[in-house]
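For reference, the chains in residue letters:
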Amino acid sequence: MILKRDQLRQLMKNKLMKAGLSEKDANITSETLAYSDARGWHSHGAVRVEYYSERIAKGGINTNPNITWKKTGPCSGILDGDNGVGFTIARMGMQKAIEMAKENGVAIVGMRRLSHSGSIGYYCEMARDEGLIGISMCQSDPMAVPFGGSEPYYGTNPIAISAPSANDENMMFDMATTVQAWGKVLDKRSKGESIPSDWAVDEKGNPTTNPHEVNALMPIAGAKGYGLMMFVDILSGVLLGVPFGGHVSSMYHDLSVGRELGQIHIVIDPERFVGSEKFKEDMTKSLSELNNIKPAPGYDKVYYPGQRGKIREEKSNKDGIEIPDEIVKYLKSDDIHYNRYDHKNRFAE
Ligand code: NAI
């Protein structure tokens, strides 16, 4: 069913408030989820509301957290989220980082003990909109094998960056460090199709093309993606004193306890380096040069990261967003959740 962006946001907000969130937290969460759906990242949009609602209702997201901020130096600080709403805490962390970077040129803010914060590129765009470079990384629950391993250790540990440009182009790179999300495996299962051999491994650690035999996901680009997952875990986990690597809590293990996740934002003011105007001009030049690269056979154009998402968002804002009927039915219902996610394995099965 096609919903207008604001209608979708309002339905999600109502449901999250019914589950127990304050109006402020429900507003922030629903805005970020609607952003993901509008950009075409449906894996991090309305599809998650039932899971969040179950976790909120069972106490695994603290609806009245004691969030504390400690500035640890001119350019650094730690926000302790007390297992409150990840979307709110990640946004607060970026606001703090923007303030510090404007004052001192660079800022690194660690957020500890937060719940899932969705599409992390959203926070980088907050910095970009202020003329700054925004970088973010966060932990996610273990579901990927380290290169050469047969058991999961790291999560899909995403990494994102957004940078300003002279014509406000939407440069925003945001990716999970696994080849594919688990949702894409589920999609193949439901269609009775096989998966490419570089997506996942079976119980023995062998690459599998059977979506029903998947035991863990594979890092992007072999050992290099494995290194990137570690990179993310060092900065957003080990550095912040939260559970790291294989100790990160599973999304679906116990919905009554907080997730204790870590996330880090890094903000850089280009004024302190090449100068803001020169940086923006050269960014625009670089993005335009990329767009003018001759496309390879089968491609219409070379896009820069974030460009296609912005095109999708503009279309979504005009024509509405396609949301599966069953999700709309749930959002419109009086039910808070259907007890579907608690005490499941890492794939919520
Ligand atoms: P994706 O594979 O759809 O895109 C990855 C990046 O590649 C994007 O920046 C996109 O702009 C760029 N890209 C894709 N195709 C392109 C093309 N043809 N030309 C130029 N650039 C192109 O994203 P992925 O890895 O599936 O992640 C989706 C979302 O999931 C992200 O927002 C990420 O933050 C979120 N995520 C959040 C997690 C969490 O625990 N909070 C965990 C994992 C992912």
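All of the points below concern the structure found in this document. (Residues numbered from 1 in each chain as written. Predicted model: local features only at pLDDT ≥ 70, side-chain atom pairs only at ≥ 80, totals over all residues. Heavy atoms only, no water.)

### Focus on a nonpolar patch on the surface
Here is step 1 of the chain: Where nonpolar side chains cluster on the molecular surface, the patch consists of Tyr153, Met230, Ile234, Val238 and Phe244 and spans about 410 Å² of accessible area.
Here is step 2 of the chain: Note on placement: isoleucine 234 falls in helix α7 (residues 223–236). (Patch = residues over 30% accessible without salt bridge, like charges linked within 9 Å, V, L, I, M, F, W, Y side chains within 5 Å. Areas by Shrake-Rupley, 256 points an atom, 1.4 Å probe, with all protein chains shown as cover. Salt bridge = Lys/Arg side-chain N within 4 Å of Asp/Glu carboxyl O. Helix = DSSP H or I, 4+ residues; strand = E, 2+ residues; numbered from the N terminus.)

### Some points on the side chain of glutamine 263
Here is step 1 of the chain: Assignment of secondary structure puts glutamine 263 in strand β10 (residues 261–268).
Here is step 2 of the chain: Among the polar contacts listed, one links the side chain of glutamine 263 to the side chain of serine 136, at a separation of 3.1 Å. (Polar contact = N/O pair within 3.5 Å; in protein donor to acceptor, adjacent residues only side chain to side chain.)

### Structural notes on empty space enclosed by the protein
Here is step 1 of the chain: A full pass over the atoms with the stated rule returns 1 cavity of 30 Å³ or more.
Here is step 2 of the chain: Of the pockets and cavities examined, the largest cavity occupies roughly 40 Å³.
Here is step 3 of the chain: Contributing to the lining of the largest cavity are Leu16, Leu21, Thr29, Tyr52, Ile56, Ile61, Val85, Phe87, Ser115 and His116.
Here is step 4 of the chain: Within the lining of the largest cavity, the residues separate by chemical class into 7 nonpolar, 3 polar and no charged. (1 Å grid on protein atoms, 1.4 Å probe; cavity = no way out; pocket = protein on both sides within 12 Å on 5 of 7 lines; lining within 4 Å. Points joined across faces, edges and corners; volume = space filled by probe spheres on them. Nonpolar A, V, L, I, M, F, W, Y, C, P; charged D, E, K, R; others polar.)

### Some points on unusual backbone geometry
Here is step 1 of the chain: Unlike most non-glycine residues, alanine 221 shows phi in positive territory, near 50°.
Here is step 2 of the chain: Note that alanine 221 resides in the loop between β9 (216–217) and α7.
Here is step 3 of the chain: Phi is positive for histidine 343, which is not a glycine, with a value near 55°.
Here is step 4 of the chain: Secondary-structure assignment places histidine 343 in the segment after α10 (325–332).
Here is step 5 of the chain: Residue classification places histidine 343 among the exposed residues on the basis of a relative accessible area of 54%. (Buried < 20%, exposed > 50% of the residue type's maximum accessible area, 1.4 Å probe, protein only.)

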